[in-house]
Amino acid sequence: MRPSFNFDIGLEDIYSDQTLKDRSIMLYLENTASFHSDMVGQGLKNIMETHLAWAVLDWKIEIIKRPTYGQKITVETWSKGYTKGVAYRDYHLYADGELCVKASSRWFQIDLDRRMPARLKEENLVKYGSEDISAIPVESLDKFTVPEEYDREITYTIRKSDIDTSGHVHNLNYLNMAIEVFEDKDDEMNIPRFNEIRINYQKEITYGATVRVRLLSKDNLHYVKILSQDEASVHALLILSE
């Protein structure tokens, strides 16, 4: 099963040059995954019966060509298999029929009653109809590390607007935090944009927490670590490539 969904690029989705923001690309991908889960009875519409919610562990996104305001976006997605603990999902994003973005992701389910990872059940996952097709090689989601040294650091206190339906920081807002650590310049307040985005989520962040966001930039690669204020826990790692 490879469902596709259509989106219109809105004013809030673009940079000043009318190209699509990285965050908006991720939002379209995430919504497409959510709609697919709704189709098979494992999504937000069914959460009161299942008491399960999907949470993303990893993103790898490659932007081939950045769509622009006014273009029609189509995102297709498919399940790429699963284990007892995690499920894999890939995507293609098209603008007016042209392939612009490829992405791969890894997900798990949260038991909302216990606030713990749930074991994935075969009878639920077969409904997705896994495809033996890769948008990006599965190795792209392998574990990675970032250097310990850093050039810049900010602290960030989690706001109500950062929280999602599962009661923790929405996964897209980790990219927002990463953007904040970049040094301001004269052009567009230095809102950076990236051709490749790799994110690994490790520990949830809840409302009111203060985190450290650290950045090391080297040879057009930007390594970001988001960790607890006391440095005891790593919440997420990012590698962002221009």
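Relevant structure appears above.
Remember, it's a predicted structure, so these values are computed and weren't measured experimentally.

(A) Up close: the pairing of strand β1 (residues 4-8). On β1, burial follows the alternation: Phe5 and Phe7 on one face are buried, whereas Ser4, Asn6 and Asp8 on the facing-out side are not. Judged from the five bridges that link them, β1 and strand β3 (residues 72-82) form a sheet pairing that is antiparallel. Note on β3: the bridge partner recorded for Asn6 is Thr74.

(B) Highlighting the nonpolar core. By size, the foremost hydrophobic cluster in this structure holds 46 residues, and its most contacted members are Trp59, Ile61, Met177, Ile226, Leu238 and Leu240. Those residues in contact with Met177, other than ones at most four positions away along the chain, are Ile154, Tyr156, Ile158, Val169, Ile205, Val211, Val213 and Ile226. Counting six residues, the second largest nonpolar core, distinct from the first, contains Phe144, Leu216, Leu237 and Ile239.

(C) Structural view of the pairing of strand β9 (residues 210-218). Relative to β9, strand β7 (residues 152-157) runs antiparallel, the two sharing six bridges. Bridging from a neighbouring strand, Thr157 pairs with Thr210 of β9. Two elements, β9 and strand β10 (residues 221-228), share eight bridges in a ladder whose sense is antiparallel. Its bridge partner being in β10, Ser217 is matched across the sheet by His222. Connecting the antiparallel pair β9 and β10 is a turn made up of two residues, with Asp219 showing a positive phi of about 55°.

(D) Expanded view of the environment of Thr155. Looking at the element boundaries, Thr155 is found in strand β7. The spacing of Thr155 and Met177 is 22 residues in sequence and 9.4 Å in space, taken between C-alpha atoms. Those residues in contact with Thr155 that sit more than four places away from it in its chain are Thr210, Val211 and Arg212.

(E) Representation of the packing of aromatic side chains. A complete count under the given rule lists eight aromatic pairs for this structure. Ring centres of Trp59 and Tyr91 lie 5.7 Å apart, and the angle between their planes is 35°; on these two criteria the pair is classed as tilted. In this pair, Trp59 is assigned in strand β2 (residues 52-63) and Tyr91 in strand β4 (residues 87-95), connecting sequence segments 32 residues apart. Each member of the pair, Trp59 as well as Tyr91, carries the same accessibility label: buried. Pairwise contacts between aromatic rings join Phe5, Phe7, Tyr28 and Phe35 into one cluster. Against the face of Trp78 rests Arg2, its NZ or CZ located 4.3 Å from the ring centre. Sitting over the face of the ring of Tyr15, Arg193 holds its NZ or CZ atom 3.9 Å from the ring centroid.

(F) Layout of the pattern of salt bridges. Within this structure, the stated rule accounts for 19 salt bridges. The partner of Lys72 in a salt bridge is Asp8, and the shortest N-O contact between them spans 2.8 Å. Placement of Lys72 in strand β3 and of Asp8 in strand β1 is noted, with a sequence separation of 64 residues between them. Residue classification places Asp8 among the exposed positions, given a relative accessible area of 53%. Of the charged contacts, one joins Asp162 and Arg159 as a salt bridge, the two residues approaching to 3.1 Å between their closest N and O atoms.

(G) Inspection of the side chain of Asp90 at higher detail. Here Asp90 lies in strand β4. Look at Asp90 and you get buried, because its relative accessible area is 0%. Separated by 2.7 Å, the side chain of Asp90 and the backbone nitrogen of Ala135 make a polar contact.

So, how was this worked out
- Residues numbered from 1 in each chain as written.
- Predicted model: local features only at pLDDT ≥ 70, side-chain atom pairs only at ≥ 80, totals over all residues.
- Heavy atoms only, no water.
- Buried < 20%, exposed > 50% of the residue type's maximum accessible area, 1.4 Å probe, protein only.
- Helix = DSSP H or I, 4+ residues; strand = E, 2+ residues; numbered from the N terminus.
- Pairing = 2+ DSSP bridges.
- Core = buried A, V, L, I, M, F, W, Y, C linked by side-chain atoms within 4.5 Å.
- Contact = heavy atoms within 4.5 Å.
- Phe/Tyr/Trp six-rings, centres within 6.5 Å; stacked < 30°, edge-to-face > 60°.
- Lys NZ or Arg CZ within 6 Å of the ring centre and 35° of its normal.
- Salt bridge = Lys/Arg side-chain N within 4 Å of Asp/Glu carboxyl O.
- Polar contact = N/O pair within 3.5 Å; in protein donor to acceptor, adjacent residues only side chain to side chain.

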